[in-house]
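# What the coordinates show
Below are the chains, spelled out letter by letter.
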Amino acid sequence: MMLSIRPFRIQVDPLRPFLLPFPRLSRRRRLLIIPPLGGAVWRTVCARAYRPTLEQLGADMKLDKRMLISGDEAVAVGALDAGVRLGTGYPGTPSTEILENFAEIGGKAQWAPNEKVALEVGLGGAYGGARILVTMKHVGVNVAADALFTAAYTGVQGGLVLVSADDPGMASSQNEQDNRRYAVAAGVPVFEPSNSQEAYDYTIEAFAYSETWNQPVILRLTTRVCHSKTIVQRRAVDPAPPQGRYERDIPGRVMIPAYAKPAHRKMRAKLNTIAEWAQTCPFTTEEPGTNGLGIITSGVAYQHAREAAPDAAILKLGFTYPLPIERIRKFAESVDRCVVIEEGDPYLVESLRAEGIAVEGKPEMYRFGELNVNRVRRILAGDTSEEAKPPAGKPPRLCPSCPHRQVFMALSRLGCIVSGDIGCYTLGVLPPFEAIDTCVCMGASVGVGLGLRHVLPDEDARRVVSVIGDSTFVHSGITGLAEMVYNPPPTGHVVIILDNGTTAMTGLQEHPGTGRTLDHQPTNKLVFEDLAKGLGIHRVHTIDPAEVGTDKVEELVRECLDTGELVLIIARRPCILAEPKIAAYEAAAAETCCG
C-alpha cells in the first residue's frame, strides 16, 4: 500500500541524521534525511512509504539574483555563472557540498576515485581550453600535490581553479594543515574569500585570472566560510566562454628535464608579474581607523577582527599569494601597532617579517583551532591565560544498527592488531570495541598492516588485520593490495573491506564501487572481488556481517588468520542511513530500464 504525504518544510540539526515522524510507518520504513555539516539547513521534504523518489530525497536550490547561501553553495553558483564545463573532486568535509550543489543547479559534476585523479582530469580539461573546477578538503591536496606542482610548470590554456577547503580545529579531519603553504611551495596564486559573497565573486575572478595568467589558481576556503550563510548578489552572466580547443605545445606540456628547466623559470617570471599586479589588485582592501592599531588579516579571520576591534584600521587581503608586500609595508608604517590576525599557521607573519615588516603575531596557543571574536580580543590584549574549555559534547559512536559493529566486535574478541583507515568506521577505536590500533591517512591501513607483518615476531604478526572502507579502498587502497601481492609477508595478511555501499562519513556520496554517478545515475561498477582475484589473491570471502552475526564473523577471521595466506574479506551490508536512498535509486533505475 502506498501512503501519500503532503510536502512540508523542516529545519534540521546540521550534525545529526533524523527520522521523519510518520506515525503510520514503522521506524525502519521512515525516511532518513542526512543534512550536510554546518549551518541549519532548510529542506523541502516530500515522501511516500517504501519508495521515495530521487527528487523527494534531494534538495531544491532556487537560483535568484539575491540569495542567502553558504560559501560552498556560493562557489557552485559562481562556477555556473563563470561557465565551468566540468566540476570534479573527491568528497571531504567541508568541501563536499560544492559539487553536489553545482550538479543540482545544472552544472556537470562528477566524483573522482581520489583527489589526484580529479586534478589530473581537471588539468586535461584545462589543457583543452575549458574552465574546470576541482574541489577537495585540505588533506586532499596532499594526494593531488604530485600533479599540482608540475601543473604550475605546464600552465593551462583554459581556467583551472582548485578549491582547498581547510579545516582549522579539525572538525572532521586528522590534521589542521594550512594549505597556504602549498601555494608557496608549488608556486600557485591564491584567492581567499571571507564570506559567501566573496566566495562567489572570487570564484568567477579566479577563472578569469587563471586564463589571463595561464596558471592554475587555488581558492582557499575554511570551514566557517564553507558552511556559514551570507547574502550573495549575483552578477549579470557573462557570455559563455569559448568551447574547448586543443593547441599542441610539446615543450610546454611534456615535462622531461629539458623542457621542465625553462618551464620553471617561466613559472617564476609569471609569479613576479603577478606579485606586481597584487600591489593594486581589487581584492585587497583597506578600511580606515585609528592610527593606534592596524590589523592585517584574511579569510574568515577578517570577520572576527572587524567585530573585535571596530576602531582599528584593517588591511584585508583577498589575494594571499603572492603577497602585495609594498602595500602591506606602507600600511604597517601608517599605524603605531600592527597586528596580524590569521587562523592556522603564522604564514602571513613569517612572510612579512622575512621582508623586514614589523608586525605582531598571535601567541602560539592561538595557532590551534578556529579563531572567534573572543579569541581575537584576547590576542590583541596579549592574554595568554588558559582559555575556558568548551562544554563537553556527546561522544561520537557507530550507529546502533551499523553493519560494521559485528566486524569490530569480532576483531576485539580475537585480540587482533588492527591497522585502520579514514571513515566513519574509525569510530571502532572507541568503546566498547577499542578495535583499531593505527589510523594515519586514506589508504594507509593496508600498507601499515603489511609493515607490521614484516617486522613483528610471527606470533604477533599473525594477529595483524587491515580494515578499510569501500570508498577509501577505491581512493587509495588498491595500490596497497598490489603491494600485498607483490611483497607478501611470510605470515600472509588479511584485509577486510567494510563495504556499506556509500561514502558515509561525508554525507552518503557515490564512488566507483557503488555503480552510480554523483547524481545517482547508473554507471559501470568496480567489483572488488574481481579486482582482488585479478591481482592474484585466491582467498576472497564475501559476507553480510549483520546476517551471519558476530560469532560467524569471528570464526571466518580466525580461519583466515590461521591460513598464513593472503586473504581479502568483503563485509558487505548497506549503511543503515543510506539504505532507503539506495533502494530509491535502484527502483528509479529499474523503472527507467524497463521503460
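Read on for a plain summary of the structure. The structure presented is a predicted model; accordingly, all values stated were derived computationally and were not measured. (Residues numbered from 1 in each chain as written. Predicted model: local features only at pLDDT ≥ 70, side-chain atom pairs only at ≥ 80, totals over all residues. Heavy atoms only, no water.)

## Points about the sheet that holds strand β20 (residues 493–499)
The sheet built from five strands is open, its strands ordered β18-β19-β20-β22-β21 with parallel pairing. Looking at which strands have only one partner, the edges of the open sheet turn out to be β18 (417–419) and β21 (539–543). Taken pair by pair, the neighbouring strands of this sheet meet at an average axis angle of 20°, ignoring direction. In this sheet, strand β22 (residues 566–572) lies alongside β20 in parallel orientation, the contact comprising seven bridges. The partner of I496 across the bridge, within β22, is I569. Sheet contacts for helix α18 (residues 470–486): β19 (464–469), β20 and β22; angle to β19, the most-contacted strand, approximately 145°. (Pairing = 2+ DSSP bridges. Helix = DSSP H or I, 4+ residues; strand = E, 2+ residues; numbered from the N terminus. Axes fitted to C-alpha atoms, helices over the stretch in contact; angles between N-to-C directions. Contact = heavy atoms within 4.5 Å.)

## A word on the pattern of salt bridges
Within the structure shown, the criterion is met by 31 salt bridges. For D178, the salt bridge goes to R220, with nearest N and O atoms at 3.3 Å. In this pair, D178 is assigned in the loop between β9 (160–166) and α6 (180–186) and R220 in strand β11 (residues 217–222), connecting sequence segments 42 residues apart. Of the two residues, D178 and R220, both sit in the buried class. A salt bridge links D345 to R181; its shortest N-O distance comes to 3.2 Å. (Salt bridge = Lys/Arg side-chain N within 4 Å of Asp/Glu carboxyl O. Buried < 20%, exposed > 50% of the residue type's maximum accessible area, 1.4 Å probe, protein only.)

## Remarks on the state of the cysteines
Taken as a whole, this structure holds zero disulfides when the rule is applied. Here C439 is not disulfide-linked; the sulfur of C441 is the nearest cysteine sulfur, at 8.4 Å. Owing to a relative accessible area of 34%, C439 belongs among the partly exposed residues under this scheme. (Disulfide = S-S within 2.5 Å.)

## Quick notes on the environment of E547
Here E547 shows up in helix α20 (residues 545–563). Note: C-alpha distance between E547 and P403 (144 residues apart in sequence) is 9.2 Å.

## Observations concerning the nonpolar core
Judged by nonpolar contacts, the single largest core of 90 residues is most densely connected at L133, F191, W277, I296 and L352. Top element by residues in this core is helix α7 (residues 196–213). It accounts for eight residues. Apart from the residues lying within four places of it in its own chain, the contact partners of F191 are Y202, A206, Y209, W213, V217, I218, L219, R220, F283, G318 and F319. In this structure, C402, Y425, I496 and I537 belong to the second largest nonpolar core, which totals 42 residues. (Core = buried A, V, L, I, M, F, W, Y, C linked by side-chain atoms within 4.5 Å.)

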